[in-house]
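Spelled out from the first residue to the last, the chains are:
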Amino acid sequence: MEELDSLLKEDRVFKPSSEFSRSARLQTFEDYKKLYQSAQQNPQNFWEKEAKDLHWFKPWKKVLTWDPPDAQWFIGGKTNISYNCLDRHLKTKAQKPAILWEGEPGDTKTFSFKELHEEVSRFSEVLKNLGFKKGDRVIIYMPMIPELAIAMLSCARIGLVHSVIFGGFSSSAIEDRLQDSKARLIITADGGYRRGKIVPLKDNVDQAIQKTPFVEKVIVYQRTKAPIKWNPLKDLWWHELMSKAKKGVDAIPLDSEDPLFILYTSGTTGKPKGVVHTTGGYIVGAHTTAKYIFDLKEEDIYWCTADIGWVTGHTYVVYGILSNGATTFMYEGAPDFPHKGRFWDIIDRYKITIFYTSPTAIRAFIQWGDDIPKKYRLSSLRLLGTVGEPINPQAWMWYHTLIGKEKCPIVDTWWQTETGTILISPIPGAIPTKPGSATLPFPGILADVVDQYGNPLPPNKGGFLVIKYPWPAMLRTIYGDHERYKKQYWSNFKGIYWTGDEARKDEDGYFWIMGRSDDVIKVSGHRLGSSEIESALVSHPSVAEAAVVAIPHEIKGQGIVAFVTLKGNILSSKELENELKQHVVTQIGALARPEHIRFAKQLPKTRSGKIMRRLLRQIASEGKVTGDTTTLEDISVVQTLSSQDEE
Ligand code: WTA
């Protein structure tokens, strides 16, 4: 475990300003500690009290049944997340903006809660009239437009299980997810704007459904008017369907444990796994964490820059924000289009008060230069957040100084697709922050750092981050593969959730996330499995074997280096290198493009045949084997040197 000892020493502590604390939900560190301790003694009480904030068609009979690793929350309760995000607010907030949106070309749209409610009930009617029923899976593959949120809320309204796919993924990624989910319906658009270009979403769908005949319908939202191919047997225009839906439909009472969505995410091995979230527990978690961590107020204009294709967009662009009746701002495009001040310009124009983004974005802003944000006032901001990867203290300080003007608390929020909601984060107004630390667990969350036997570690000893008690928004299973769920998250220590992250707690109990203990790679905060990229490479006819590892990358956080052995007497070349990079892009998407491809005669392996990734990682990041990357490297030499300390 020695290597896990952290070298990082960061002593700065930032207390929330009295001005912020005075109007915050929790106002002192004592407030937090009291709430945490009472929730620790009885987590069910804490969550039950919070659940009462929401609308239930029928109350639950029991808060939790826990038969590790299977949890059920609010058993017997009936609710609907679309109702909680929309109908519940109509009495008091009908005219308040629910969604403010700006497209990349500069076009804008606003939906009040009343208007959003109307659109969602009518689109639910469309889905119902097409014959889709509770439990059916629906793939949503759209740009960042309000209709993406409308599609999700409409599915949720009538019990359809949505699975949103990030618009940057390729057609084969869609095909994989279709094969796994057996969705009969896809909702997409004729395209979306990204850096001035049109992303051909519909073309990608057309390709993906060549081999998935079970897809019956493709609903197409007209965003760009770009020419697309049209299949009259399957394709339907969103606007034509909507023009016939007049009445709208009510939200149906769903069982608390009815599935709400499947979100595919990368793991260590095999294909992406379909993380399944259910209705009642998820909305209680999303609602409660958003309320406390973003300290949402009636007048806030909240902006989370994440794409809805990732879990952050599900929980903190759509569900957790709308359920609190807050205004969520959405932006379609790139941060540097048509200029590198686009985000700051948006903040000033829309008077954004809460801004939630990723360390990757912050690192890019830093590289673009301080003079860019300095041109803007940014005076509407009162709270900042980050998510997705560890933020290094320098980037934190930059964010604090240049964007927050030293007056906005920063919430560094730790969580995962699987956890559904934030589990470790400052509660602004109450918890003093330290640059680089996600600080303390949310009330009701029993987080700890343990050694390989599951024993809690003393302060500042690095170990495995685990969660020792179930929480409402936790995943329930991996779609179609409950065994994988058990093995992946619950097999290391009985009844204890395995996060896959390494961390340490300092002498104040603050958590410092140190990275992953497995081969999950985070490129620009987006989660990719090394095995997916390897499978993509091996699917190329010239490749015999491939191993990919992450290297530190100044902006993306991590970049990908692929070690490749070629078949038979195929020779390596610059052309082949480029072809392989492009092949990965076609198979997965642009964000998986390797930074470097290194051809090797053979890959270093342990005696039992396991690829020695640690060694490759070292070679890749320290460049031990340097020189022309297109020539074959004989890594077997290093293999003998290092094999002693493996296994
Ligand atoms: C990493 C994103 C450090 C972590 C919501 C986790 C973080 C993985 C943080 C989940 C943070 C997320 N500090 N690391 N604040 N937030 N991570 O599923 O390794 O895309 O396990 O969910 O991101 O990534 P996912």
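Since the model is a prediction, treat every value here as computed from it, not as a measurement.

## Remarks on the overall build of the chain
Stage number 1. Along its length, the chain carries 21 helices and 31 strands.
Stage number 2. Taking 2.2 N^0.38 as the reference for a compact globule, 647 residues should give roughly 26 Å; the C-alpha atoms of the chain span a radius of gyration of 24 Å, in line with that estimate.
Stage number 3. Dimensions along the principal axes, computed over C-alpha positions, put the chain at roughly 70 × 65 × 55 Å.
Stage number 4. Taking all 647 residues of the chain together, 63% fall into the buried category.
Stage number 5. Relative to all contacts within the chain whose residues are 6 or more apart in sequence, the contacts with residues 24 or more apart total 72%.
Stage number 6. Of the roughly 25,300 Å² of accessible surface on the chain, a fraction of 51% belongs to carbon and sulfur atoms.
Stage number 7. For the chain, the separation between the mean place of its 83 positive charges and that of its 77 negative charges on side chains is 4 Å.

## Topic: the domain arrangement of the chain
Stage number 1. Domain assignment breaks the chain into domain 1 (1-77 + 319-472 + 490-511) and domain 2 (520-646).
Stage number 2. Between domain 1 and domain 2, the C-alpha centre-to-centre distance is 33 Å.
Stage number 3. Counting from both sides, the interface comprises 10 residues of domain 1 and, opposite them, 9 residues of domain 2.
Stage number 4. On the domain 1 side of the contact with domain 2, Thr360, Arg363 and Gln367 bury the most area, a combined 49% of that side's loss.
Stage number 5. Here domain 1 is connected to domain 2 by 1 salt bridge.
Stage number 6. Its salt-bridge partner being glutamate 418, residue arginine 527 comes within 2.7 Å of it at the nearest N-O pair.
Stage number 7. One can count 5 residue pairs in polar contact (both at pLDDT 80 or more) joining domain 1 with domain 2.

## So, the site of the ligand
Stage number 1. The full set close to the ligand counts 17 residues, and Asp412, Thr413, Thr417, Lys522 and Arg527 are the nearest of them.
Stage number 2. One nitrogen or oxygen atom from the side chain of aspartate 412 is found 2.7 Å from a nitrogen atom belonging to the ligand.
Stage number 3. A total of 530 Å² of accessible area belongs to the ligand in isolation, and the protein chains cover 96% of it.
Stage number 4. Looking at the shell around the ligand, its residues break down into 6 nonpolar, 5 polar and 6 charged.

## Some thoughts on the state of the cysteines
Stage number 1. Within the structure shown, the criterion is met by 0 disulfides.
Stage number 2. Considering cysteine sulfurs only, cysteine 155 is the nearest to cysteine 85, which forms no disulfide, with 14 Å between them.

## Considerations on the environment of asparagine 460
Stage number 1. Tracing the sequence through the fold places asparagine 460 in the loop between strand S21 (447-450) and strand S22 (463-467).
Stage number 2. It is 27 Å that separates the C-alpha atoms of asparagine 460 and valine 523, two residues lying 63 residues apart in sequence.

Criteria and cut-off values
Residues numbered from 1 in each chain as written. Predicted model: local features only at pLDDT ≥ 70, side-chain atom pairs only at ≥ 80, totals over all residues. Heavy atoms only, no water. Helix = DSSP H or I, 4+ residues; strand = E, 2+ residues; numbered from the N terminus. Rg over C-alpha atoms; globule rule 2.2 N^0.38 Å. Buried < 20%, exposed > 50% of the residue type's maximum accessible area, 1.4 Å probe, protein only. Contact = heavy atoms within 4.5 Å. Areas by Shrake-Rupley, 256 points an atom, 1.4 Å probe, with all protein chains shown as cover. Lys, Arg positive; Asp, Glu negative; His and termini not counted. Charge placed at Lys NZ, Arg CZ, Asp CG, Glu CD. Domains from an automatic or database assignment. Buried area = accessible area lost by both parts, 1.4 Å probe. Salt bridge = Lys/Arg side-chain N within 4 Å of Asp/Glu carboxyl O. Polar contact = N/O pair within 3.5 Å; in protein donor to acceptor, adjacent residues only side chain to side chain. Near = heavy atom within 4 Å. Nonpolar A, V, L, I, M, F, W, Y, C, P; charged D, E, K, R; others polar. Disulfide = S-S within 2.5 Å.

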